[in-house]
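Understanding the architecture of this molecule
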Amino acid sequence: MTKPSIHIESDTHPTHGRIWKLVATQHLPQPIDAVFPFFADAYNLEKLTPGFLNFKVLTPKPIEMRSGREIRYKLKVHHIPLKWKTTILDYDPPHRFIDNQDAGPYALWHHTHRFEPTADNAGTICTDTVLYRPKGWLLAPLINKFFVQRDVTNIFHYRFNKLEEIFPHPAESSSTR
């Protein structure tokens, strides 16, 4: 199985200026029909977020995922309580959905989730592409360098580990029963 990867590079956005692009890729040994529904449940984001962020979904259950759906959250970043509101810009099950931060800790957060079946259809390749810019105007590059890039990378590593627990290789899950 391919090891998960994270890559972050600087980029330019027409309205936000300098931004950063994170691409995180993970192969899960379960079919797309098992993987996508997990991601389509916004409440599962609580399972994929480290506890120190105290991340909670505020939008009442059930959340019907669709284009135009607004979802509200609360969390703590470096012990500072924050509210976060996103809108699902595009919802194309089981292949993709895109969420965009309307209000929250970033000047820009645009997250594309892609799901592709492996060649044998037994697994799923999950690719997250996040275009982001920290708040802080001229200080944003320093804020990214010393805080945000490290935090976001650590959050995705945590997420990789949780997803490996939730979607184990079929041979591993049957041997541990």
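This section reports on the structure supplied with the text. (Residues numbered from 1 in each chain as written. Predicted model: local features only at pLDDT ≥ 70, side-chain atom pairs only at ≥ 80, totals over all residues. Heavy atoms only, no water.)

**Focus: the sheet that holds strand β4 (residues 70–77)**
Spelled out, the test is: Paired strands, as defined in this entry, are two strands with at least two bridges between them according to DSSP. Put simply, DSSP marks the helices as runs of H or I at least four residues long and the strands as runs of E at least two long, and each gets a number from the N terminus on. Note on definitions: a residue-residue contact is assigned when non-hydrogen atoms from the two residues lie within 4.5 Å. Interaxial angles span 0 to 180 degrees and are taken between N-to-C directions of axes, which are lines fitted to C-alpha atoms, for helices over the stretch in contact.
One open sheet holds the 8 strands; their spatial order is β1-β2-β8-β7-β6-β5-β4-β3, and the pairing between them is antiparallel. Of all the strands in the sheet, just β1 (5–13) and β3 (56–57) have a single pairing partner and so form its edges. Pairing of strand β5 (residues 80–92) with strand β6 (residues 96–103), which is carried by 7 bridges, proceeds in the antiparallel orientation. When the bridges of β6 are listed, Y91 appears paired with F97. Lying over the sheet, helix α2 (residues 140–166) contacts β1, β2 (17–28), β7 (106–117) and β8 (124–134), oriented at roughly 15 degrees with respect to β2.

**Considering empty space enclosed by the protein**
The condition that has to hold: Whether a set of points on the 1 Å grid over the protein atoms alone is a cavity depends on a 1.4 Å probe fitting there but being unable to get out, while an open set qualifies as a pocket with protein on both sides within 12 Å along at least five of seven lines; lining residues are those with an atom within 4 Å of a point. Grid points are joined across faces, edges and corners, and a volume is the space filled by probe spheres set on the points. Each residue is assigned to one of three groups, with Ala, Val, Leu, Ile, Met, Phe, Trp, Tyr, Cys and Pro labelled nonpolar, Asp, Glu, Lys and Arg labelled charged, and all others, Gly among them, labelled polar.
All told, the structure shown has 1 cavity of 30 Å³ or more when counted by the stated rule. Lining the largest cavity are 13 residues, with F39, C126, D128, R159 and L163 sitting closest to its centre. Among the secondary structure elements, those contributing two or more residues to the lining of the largest cavity are β2, β7, β8 and α2. Class assignment for the residues of the lining of the largest cavity results in 6 nonpolar, 4 polar and 3 charged.

**Digging into the nonpolar core**
Under the convention used in this document: Only buried residues count toward a nonpolar core, which is a set of Ala, Val, Leu, Ile, Met, Phe, Trp, Tyr and Cys residues joined through side-chain atoms within 4.5 Å. Three exposure classes are used, based on accessible area relative to the maximum for each residue type with a 1.4 Å probe and protein chains only: buried under 20%, partly exposed in between, and exposed over 50%.
L22, F39, I71, F115 and Y132 are the most contacted members of the largest nonpolar core, which totals 36 residues. Elements supplying a minimum of two residues to this core: β2, α1 (32–40), β4, β5, β7, β8 and α2. Per-element accounting of this core gives the leading share, 6 residues, to α1. Excluding anything up to four places from it in sequence, L22 contacts I6, H7, I8, D128, T129, V130, Y132, V152 and F156.

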